Amino acid sequence: MIIIPKEIKQKPVEYMVLASIFLLGLLIYFFADISPHSQRLVVYFMAASYFFWSINHHYRRGDLSVSIIVEYLVMALFGIALLTASLF
């Protein structure tokens, strides 16, 4: 049995957008026959989308703060570093 957190049940569309960002980005990154430069652009788009989704998410919840912005920025930059390092 899968346990779905209460917040996801309350806002399923919001989390489907997040899942779609990652799923579509990873499918294009790994399975599309594109150049390494285009793969980097896909990674940048995924990271930016994740960052702006998280800012919007916390803004709508009413708990957006500088520490949250920095946290999500660091996570996005980590994802960029991890995925672009695999291109070389």
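An account of the packing of aromatic side chains is needed here, citing residue identities and associated values.
Under the counting rule described, the total for this entry stands at 5 aromatic pairs. For the ring pair Phe-22 and Tyr-50, a centre distance of 5.5 Å and an interplane angle of 45° mean the geometry is tilted. Pair noted here: Phe-22 is in helix H2 (residues 12–31) and Tyr-50 is in helix H3 (residues 36–61), with a separation of 28 residues, a long-range link. Tyr-50 gets classed as buried once you look at its relative accessible area, which sits at 15%. Judged by centre distance (5.4 Å) and plane angle (70°), the ring pair of Phe-51 and Phe-52 falls under edge-to-face. Residue classification places Phe-51 among the buried positions, given a relative accessible area of 15%.

Please provide a residue-by-residue account of the packing of H3 against helix H4 (residues 66–85), values included.
In contact at an axis separation of 9 Å, H3 and H4 are set at 165° when each is read in the N-to-C sense. Compared by their axis directions, H3 and H4 come out roughly antiparallel. Crossing of H3 against H4: the hand is right-handed. Of the residues in H4, those in contact with Arg-40, Val-43, Tyr-44, Met-46, Ala-47, Tyr-50, Phe-51, Ser-54, Ile-55 and His-58 of H3 are Ile-68, Ile-69, Tyr-72, Leu-73, Met-75, Ala-76, Gly-79, Ile-80, Leu-83 and Thr-84. Here the residues of the contact of H3 with H4 are counted per class, giving 15 nonpolar, 4 polar and 1 charged.

Which residues make up H3, and what are the values?
In a regular helix each residue adds 1.5 Å, so 26 residues correspond to 38 Å; H3 covers 37 Å between its end C-alpha atoms and thus fits that length. Of the residues trailing H3, Gly-62 is marked for its positive phi of about 90°.

What counts as what
Residues numbered from 1 in each chain as written. Predicted model: local features only at pLDDT ≥ 70, side-chain atom pairs only at ≥ 80, totals over all residues. Heavy atoms only, no water. Phe/Tyr/Trp six-rings, centres within 6.5 Å; stacked < 30°, edge-to-face > 60°. Helix = DSSP H or I, 4+ residues; strand = E, 2+ residues; numbered from the N terminus. Buried < 20%, exposed > 50% of the residue type's maximum accessible area, 1.4 Å probe, protein only. Axes fitted to C-alpha atoms, helices over the stretch in contact; angles between N-to-C directions. Parallel < 35°, antiparallel > 145°, perpendicular 65-115°, else oblique. Left-handed = near helix turned anticlockwise from the far one by under 90°. Contact = heavy atoms within 4.5 Å. Nonpolar A, V, L, I, M, F, W, Y, C, P; charged D, E, K, R; others polar. Expected span 1.5 Å × (residues − 1).

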